[in-house]
Amino acid sequence: QMQLVESGGGLVQAGDSLRLSCTASGRIFTDWAIGWFRQAPGKEREFVAAINWNGLITKYADSVKGRFTASRVNAKNTVYLQMNSLKPEDTAVYYCAAVLSRIGAPVSPPDYDHWGQGTQVTVSS
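Residues numbered from 1 in each chain as written. Predicted model: local features only at pLDDT ≥ 70, side-chain atom pairs only at ≥ 80, totals over all residues. Heavy atoms only, no water.

## Some remarks on the sheet that holds strand β1 (residues 3–7)
Paired through their backbone hydrogen bonds, the strands of a sheet run either parallel or antiparallel.
At step 1: The strand order across the open sheet formed by four strands is β1-β3-β8-β7, and the pairing between neighbours is antiparallel. Every other strand in the sheet has two partners, leaving β1 and β7 (68–73) as the edge strands with one partner each. Adjacent strand axes in the sheet meet at a mean angle of 15°, parallel and antiparallel pairs treated alike.
At step 2: In the sheet, β1 pairs with strand β3 (residues 18–25) via five bridges, with the strands oriented antiparallel. Across the sheet, the residue bridging to Glu6 is Cys22, located in β3. (Pairing = 2+ DSSP bridges. Helix = DSSP H or I, 4+ residues; strand = E, 2+ residues; numbered from the N terminus. Axes fitted to C-alpha atoms, helices over the stretch in contact; angles between N-to-C directions.)

Below, the structure is given as structure tokens:
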């Protein structure tokens with residue numbers, strides 16, 4: 001079983017930056033692709049970013065492309081989401097998710113089978 005714990009959320013102003021962390025335990029980390037998703041109140045969970053097992057493949061939603069960067073340090077069992085130039089519309093609970101795969105970086109929530117508990121990001125205008 002893979003356990004995921006997100007951290008790094010908080011309340012910031014528009015234009016600020018945050019770095020989220022997703023730390024995994026329980027399985028061999030390099031076998032897993034990691035995705036970042038977010039869910040705002042009253043909205044469906046949406047894809048934000050994904051990174052494959054070795055960090056060489058990353059994908060981003062159009063809404064965050066150029067502002068967010070996913071990276072991973074496998075030796076620390078940790079994936080990061082660097083979020084720059086934050087906007088009020090980025091306000092949501094952010095989740096990381098894992099899928100056992102060494103092929104690509106899926107972008108759809110049903111493709112992932114392990115989820116963290118989420119961390120709140122609030123961006124004030």
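So much for the structure itself; the text now carries on.
## Examining the state of the cysteines
At step 1: Counted according to the given criterion, the structure contains one disulfide.
At step 2: A sulfur-sulfur distance of 2.1 Å marks the disulfide that ties Cys22 to Cys96. Disulfide Cys22 to Cys96: torsion about the S-S bond roughly 70°, handedness right-handed. Residue Cys22 is located in strand β3, and its partner Cys96 is located in strand β9 (residues 92–100); the two are separated by 74 residues in the primary sequence.
At step 3: Taking relative accessible area as the criterion, Cys22 reaches 0% and is therefore assigned buried. (Disulfide = S-S within 2.5 Å. Buried < 20%, exposed > 50% of the residue type's maximum accessible area, 1.4 Å probe, protein only.)

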